[in-house]
Structure formats: C-alpha cells, structure tokens
Amino acid sequence: QVQLVESGGGLVQTGGSLNLSCAASGIMFSLNAMSWYRQAPGKQRELVASITMSGTTNYAESVKGRFTISRDDAKRTVYLRMNSLTPEDTAVYYCNSLRRDWGTQHWGQGTRVTVSS
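Here we summarise the structure given alongside this text.

About the criteria used
- Residues numbered from 1 in each chain as written.
- Predicted model: local features only at pLDDT ≥ 70, side-chain atom pairs only at ≥ 80, totals over all residues.
- Heavy atoms only, no water.
- Core = buried A, V, L, I, M, F, W, Y, C linked by side-chain atoms within 4.5 Å.
- Buried < 20%, exposed > 50% of the residue type's maximum accessible area, 1.4 Å probe, protein only.
- Helix = DSSP H or I, 4+ residues; strand = E, 2+ residues; numbered from the N terminus.
- Pairing = 2+ DSSP bridges.
- Axes fitted to C-alpha atoms, helices over the stretch in contact; angles between N-to-C directions.
- Disulfide = S-S within 2.5 Å.

Right, let's get into the nonpolar core. Counting 28 residues, the largest nonpolar core has Trp36, Val78, Leu80, Met82 and Tyr93 as its most contacted members. For this core, the elements supplying multiple residues, two or more each, are β3 (18-25), β4 (33-39), β5 (46-51), β7 (67-72), β8 (77-82), β9 (91-99) and β11 (111-116). Here this core gets four residues from one element, more than from any other, and that element is β3.

Below you can see the structure in the form of structure tokens.
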C-alpha cells in the first residue's frame, strides 16, 4: 500500500519559516520524481517545487529564492524548506510522487500552512 505522509504544516507569521516533510512508503522512492503542490482556498492546485531522481530541482516563479526542495532517498523522505512566508503562501500543501517509466503517481493527504499578516 502506497502512503505519502506529509507533516510540518501549521500557523506562522509573515516572514516566518516552515519545514515540510513527506515520508513515503510502498514505492521505490529513489525511482520517483517528487513534488510539492499547493491548493489555496478557491484556487486550483499548483506545482510549487519538484525534484528529479538525480536531484534536479524546479520551482514555481512565486517561490524561487524562498523555498528549497530536497530529498533523502535513504530516509524515503522529501522536504520543503519555506522561508520568507507571506499570506499568499497560505494553502494546503500536497506531496506527489511520479514514476515516469510506469506512468504512476500518488498523492499525500496534505498539510495545511497558514501565514498570518
């Protein structure tokens, strides 16, 4: 059974930082690209950051320079370090795994991030 379990969300003031984690089980973690998405109230889910099997990263323009995605294959965990948070970062953050050669992907249940002004 595949499980992606996010943690680390919460309430933070503008300018603050949070570290999100996503622990994976039931997948060959090292063979998956991992991503963080977010969905704000009333908006579509959007890609925040992704990291390939080889460690290449990609970021949404809105978070470049503030967020850092990383992965630890030994711990089967992907991280999202979020700095300089603003109320516009308020959303539910979801972890995603994508195995391109099989065309399979999985989602976590999400962790809520609220940034107060």
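Next, the rest of the story.
A separate point is the pairing of strand β10 (residues 104-107). Within a regular strand, the side chains alternate between the two sheet faces. Bridge analysis of β9 against β10 gives four bridges, and the strand direction is antiparallel. Residue pairing for β10: Asn96 is matched across the bridge by Trp107.

Sheet architecture is open: four strands sit in the order β1-β3-β8-β7, paired in antiparallel fashion. Whereas interior strands pair on both sides, the edge strands pair on one side only; in this sheet they are β1 (3-7) and β7. Pairs of neighbouring strands in the sheet enclose a mean axial angle of 15°, with direction left out of account. Pairing of β3 with β8 involves six bridges; the strand directions are antiparallel. Paired with Leu20 across the two strands is Leu80, which belongs to β8.

Further remarks concern the state of the cysteines. The full count for this structure, using the stated rule, is one disulfide. The side chain of Cys22 participates in a disulfide bridge whose partner is Cys95; the two sulfur atoms lie 2.1 Å from each other. What sets the handedness of the Cys22 and Cys95 disulfide is the S-S torsion sign, and at about -80° it is left-handed. With Cys22 in strand β3 and Cys95 in strand β9, this pair connects stretches of sequence that are 73 residues apart.

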